[in-house]
Every structure is written in C-alpha cells, then in structure tokens.
Amino acid sequence: MAVVVVQQASAGVPAAVGGALSAAGLTVRSVPLDAGGLPSIDLSDVEGLIILAAPYPAGTSGLPLMREALAAQVPVLALGSGAELLAEVTATGSASEGPAVEATRAASTDPLFAGSLPSGLRPDPAEVALPPGAVVLATARGYPGQAFRLGSSAWGVRFAGVHDGRDDAWTGQLLSRFATLVAARAEHTATRAFFTHRADAWEERFAHQTPAYEAAAFRMQLGPGETALDLGCGTGRAMPALREQVGAHGRVLGIDVTPAMLAAAARHGRTRHGHLLAADCARLPVPRRSVHGIFSAGLLDHLPDPRTALAEWARVATSDCVLLLFHPSGRAERAARHGRPLDPGDLLAEHNLRPALEATGWNLDEYEDAPDHFLAHATLAG
C-alpha cells in the first residue's frame, strides 16, 4: 500500500510532499503522467492520491480516475492545475493583481483546512465549473472555487503548489494534515478499494452461499420486535432471515464500511428487510443496550483491532444479546484455498477466540469449525 503522487515524468517527488508523507509513516510511489494526461491506476493498493500541478495536455480529464477514487473513498489531494482535473476549466486569465483568497465558512469544519487562510494568497486565474455537490472551501472575488471538496475524500486546492514556486508554510501544513488523514483512514481505504470494484458482481458470484447464510442467521433464534444487526453486511444476504425472526415490528440494520456494497444490497432488494447504513463496525452509531442479535460473517479477523470491535458490540448489546460469527467455509478449507497451513495465531481458532470474547464481555456457547462452515455462537456475559 502506498500514497501515489502523480506528476511529470522528469520530476522527483517534492521534498515537502515526501516529507509530510514519511512523517505520517506512509510509503510514497511516484507515477508519471502518460501521453494523454492522468495514468490508469489500480486503486486496490493505494492509500491516497496526490495530483500535482503540471502542464496537462489540452482536453485532459481526471474524471474517470476521480469517479473511481470517489466511489471507493480513496483520499485525493489535487494541487494547482491538478485541481482543475476535478472540474472543468472554462477560461484562463491573470491574477497577479487583485483580491486575495479567503476561506469560506465551510473551511472552518473541514479536516484539511481547519479554519482561516494566511493573508496575501493570490487566486488561480482559471475559471472552473465545479461538479455538482462540491463544497467550496476558499474563494476570491471574480475567481470562485479556489479550493473545494468532493464528498468526504477529495480536495482540490488551485492556489497551492509545490513545483511552481508557490511553496509556503500553509501548503506544508495542508500536506501534513492530508498525510495524517490518509494514515488514519488507511484500513478503511484498503477495504473500500478492494470491495468497490467487486460489489456489482458479488451477489451473483456467491449466490450459492445464500442458503448457508440464512441457516446460520436462524440459529440466533431472535424474537418478534427485537433489533438485529448484520455487521459487515456486504450485499445483506443475512437480512431476510433476520427480518423473518424479528417480524414487522422488529428492527434490522445492515452496516458496512463500503458504500458500493450497500448500493449493491439495495439493488438486490435488501431495503425491504431493513435499513442500510455506512459506518465503521468498531464505532457503531447505535445506542448502548439496544441490540438483541448481532450477525457478522467474515469480518472480525479482518478488523485492525478485533477486541475493540468486540467491546463495542458488547456496548450496544442487551443483557440477552446473541452474537453469531459465521463464514460459509471452515478455517482449514480457507487456508488450503490460499495455499497455507492453519495459523495457530488465527483469531478464529478456539483457543484464541474464547479468551478474546471473554475479555470483552462475551461467553462462547457454541463453536463449530467444520469443512463447510465456521460458526461461533456467543452471549453477553452476566
């Protein structure tokens, strides 16, 4: 995994960029512009993108790459003329004289801008048409949209650059804040990038597993009117069985960190069975002591801090809550499929899972590691 810096082929990574990323513990990979402008980049091993100012060929558009990055919520910072690849340039002019750039009210709560701008910053003279939904963070009279954010993960800053003599202390702070944000989001970025381009085909590819999901969910034996969570729900294959148990007056929430998977779940009709929510499964937007059943398939051992997640699940659990961990294949089968032996340090091995559950408030009641499935049934400790 690395932060990719897109720039001219002959240029080395600027010291300000490399220094900020290295200070945050991030790896840097430089990717040169190709003949048509922005290169094609596989985002599955990318933690973030920095697009630097460059003489982009006429007609260059960053939209295909930007659409993919926005869909996967890969953090993007585009500086100088690189920012114009996020929008449509309509005209250019000169801004050697004229009004200074000023932060908008939205900048005060933005994670990169964090408030006001230093005085004397000159606007970029290009006039741009910002994409729908862009949040303007800085502007200048006659030169709007000097800085903007798309969604929660892409920023364009037209008046900042590191190759053209516009280096300044504020740009260094911007790079540092971006590097910190990339590092903090790295685990979620990797997950979203992996699943986003697989989401459309996920349901069809694994349709044969749906009966196993339903059978596992029914082993929770939930009652009418209760609340159930499907954590790391993907396309929500367990949600119909959860709804059948809790009935019309119960509540089912499918929670996943990848919006593309939730969109696929909606396309497959899972909103008929419950609500879909984009959230971190280790920081649930759910009140304490409100959940009667938690179903989680293929999630726990992939989380960066499983014990924190288990403690969070205990926080939202009622006194009689059931936790069911599931996978449609056993540990030995999965290890063989990946060409490796069983790992004694695997969290899902019973000798590891039981103490992890007990340390976070759960009792392991049933444990099955069969060739065709893995299942662990736990209840909240008294």
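Look up a bit, the structure's there.
Predicted model, so just to flag it, every value in this text is computed and none were measured.

1. Side note on the overall build of the chain
Each helix and strand in the chain was counted, giving 10 helices and 17 strands. Each of the 382 residues in the chain was classed as buried or not, and the buried ones make up 51%. The long-range fraction of contacts in the chain, counting pairs at least 24 apart against all pairs at least 6 apart in sequence, stands at 67%. Counting only carbon and sulfur atoms, one obtains 53% of the accessible surface of the chain, whose full area is about 16,700 Å². Measuring between centres, the 30 positive side-chain charges of the chain sit 4 Å from its 39 negative side-chain charges.

2. A few points about the packing of helix 1 (residues 15-23) against helix 3 (residues 169-196)
In the contact formed by helix 1 and helix 3, the axes pass within 8 Å of each other and the chain directions differ by 35°. Judged by the twist between their axes, the crossing of helix 1 over helix 3 is right-handed. For the pair helix 1 and helix 3, the contacting residues are Ala 16, Val 17, Ala 20 and Leu 21 in the first and Leu 175, Ser 176 and Ala 179 in the second. Here the residues of the contact of helix 1 with helix 3 are counted per class, giving 6 nonpolar, 1 polar and no charged.

3. Comments concerning the sheet that holds strand 10 (residues 154-157)
Pairing in this open sheet of 8 strands is mixed, and the strands run 2-1-3-4-10-9-8-6 from one edge to the other. Sheet topology places strand 2 (28-32) and strand 6 (102-103) at the edges, where each strand pairs with a single neighbour. Across 5 bridges, the pairing between strand 1 (residues 2-7) and strand 2 is parallel. Residue pairing in the sheet places Val 4 in a bridge with Arg 29 of strand 2.

4. What about the nonpolar core?
Counting 34 residues, the largest nonpolar core has Leu 229, Leu 231, Ile 294, Trp 313, Leu 323 and Trp 362 as the members making the most contacts within it. Broken down by element, the residue count for this core peaks at 5 residues, all from helix 8 (residues 306-316). Core analysis: the second largest hydrophobic core is formed by 31 residues, Leu 21, Ile 50, Ala 138 and Val 157 among them.

5. Quick notes on the sheet that holds strand 13 (residues 275-278)
The 7 strands are arranged 13-12-11-14-15-17-16 in an open sheet whose pairing can be described as mixed. Taken across any chain shown, the strands that pair with only one partner, and hence form the sheet edges, are strand 13 and strand 16 (362-370). Put simply, the sheet's adjacent strands are angled 15° from each other on average, direction ignored. The pairing of strand 15 (residues 317-327) with strand 17 (residues 373-380) spans 6 bridges and is classified as antiparallel.

6. Topic: the side chain of Glu 312
Position of Glu 312 among the secondary structure elements: in helix 8. The class of Glu 312 is buried, set by a relative accessible area of 12%. If we skip the residues at most four places from it in the chain, Glu 312 touches Cys 281, Ala 282, Arg 283 and Leu 284.

7. Focus: the environment of Val 101
Mapping Val 101 onto the fold places it in the loop between strand 5 (88-91) and strand 6. Separated by 148 residues in sequence, Val 101 and His 249 have C-alpha atoms that sit 54 Å apart.

8. A word on helix 7 (residues 259-267)
An α-helical turn contains 3.6 residues, so any two residues separated by three or four positions project in the same direction. Within the span of helix 7, buried status applies to Ala 260, Met 261, Leu 262, Ala 264 and Ala 265. As for helix 7, its buried residues are in contact with helix 3, helix 4 (199-205), strand 12 (251-256) and strand 13. Residue Gly 269 follows helix 7 closely and has a positive phi angle near 80°.

9. Description of the pairing of strand 4 (residues 76-79)
Side-chain alternation along strand 4 places Val 76 and Ala 78 on one buried face and Leu 77 and Leu 79 on a second face that is also buried. The sheet contact formed by strand 3 (residues 46-51) and strand 4 spans 3 bridges and is parallel. Bridge assignment links Leu 49 to a residue of strand 4, and that residue is Val 76. Taken together, the 4 bridges between strand 4 and strand 10 define a ladder with parallel strand orientation. Bridging across to strand 10, Leu 77 finds its partner in Trp 155.

10. Quick look at the pattern of salt bridges
Under the counting rule described, the total for this entry stands at 12 salt bridges. Of the charged contacts, one joins Asp 369 and Arg 331 as a salt bridge, the two residues approaching to 3.2 Å between their closest N and O atoms. Placement of the pair is Asp 369 in strand 16 and Arg 331 in helix 9 (residues 331-337), with a sequence separation of 38 residues. Each of Arg 219, Glu 366 and Glu 368 takes part in salt bridges that share partners, so that together they form one network.

What counts and how
- For every chain, the first residue of the written sequence is number 1, and numbering continues from 1 onward in sequence order.
- Side-chain atom pairs in this predicted model are given and counted only at pLDDT of 80 or more, local residue features only at pLDDT of at least 70, and totals for whole chains, interfaces and linings cover all residues.
- To get the side-chain values, take all heavy atoms of the structure and skip hydrogens and water.
- Think of it this way: any DSSP run of H or I at least four residues long counts as a helix, any run of E at least two long counts as a strand, and we number them from the N terminus.
- Only protein chains enter the accessibility calculation, which uses a 1.4 Å probe; a residue is then buried when its area is under 20% of its type maximum, exposed when over 50%, and partly exposed in between.
- Contact definition: two residues touch when any of their heavy atoms are within 4.5 Å.
- To be clear on the numbers: accessible area is Shrake-Rupley with a 1.4 Å probe, and residue cover counts the displayed protein chains and nothing else.
- By the counting rule applied here, Lys and Arg register as positive and Asp and Glu as negative, while His and the ends of each chain are not counted.
- Here the site of a charge means atom NZ of a Lys, CZ of an Arg, CG of an Asp or CD of a Glu.
- Here, axes are lines fitted to C-alpha atoms. For helices the fit covers the stretch in contact, and angles between N-to-C directions go from 0 to 180 degrees.
- Take the far helix as your reference; a near helix turned counterclockwise from it by less than a right angle gives a left-handed crossing, and one turned clockwise gives a right-handed crossing.
- Classes in brief: Ala, Val, Leu, Ile, Met, Phe, Trp, Tyr, Cys and Pro nonpolar; Asp, Glu, Lys and Arg charged; the others, Gly included, polar.
- If DSSP finds at least two bridges between two strands, the strands pair.
- Only buried residues count toward a nonpolar core. Its members are Ala, Val, Leu, Ile, Met, Phe, Trp, Tyr and Cys residues joined through side-chain atoms within 4.5 Å.
- Within this document, salt bridges are pairs made up of a side-chain nitrogen of Lys or Arg and a carboxyl oxygen of Asp or Glu, the two lying within 4 Å of each other.

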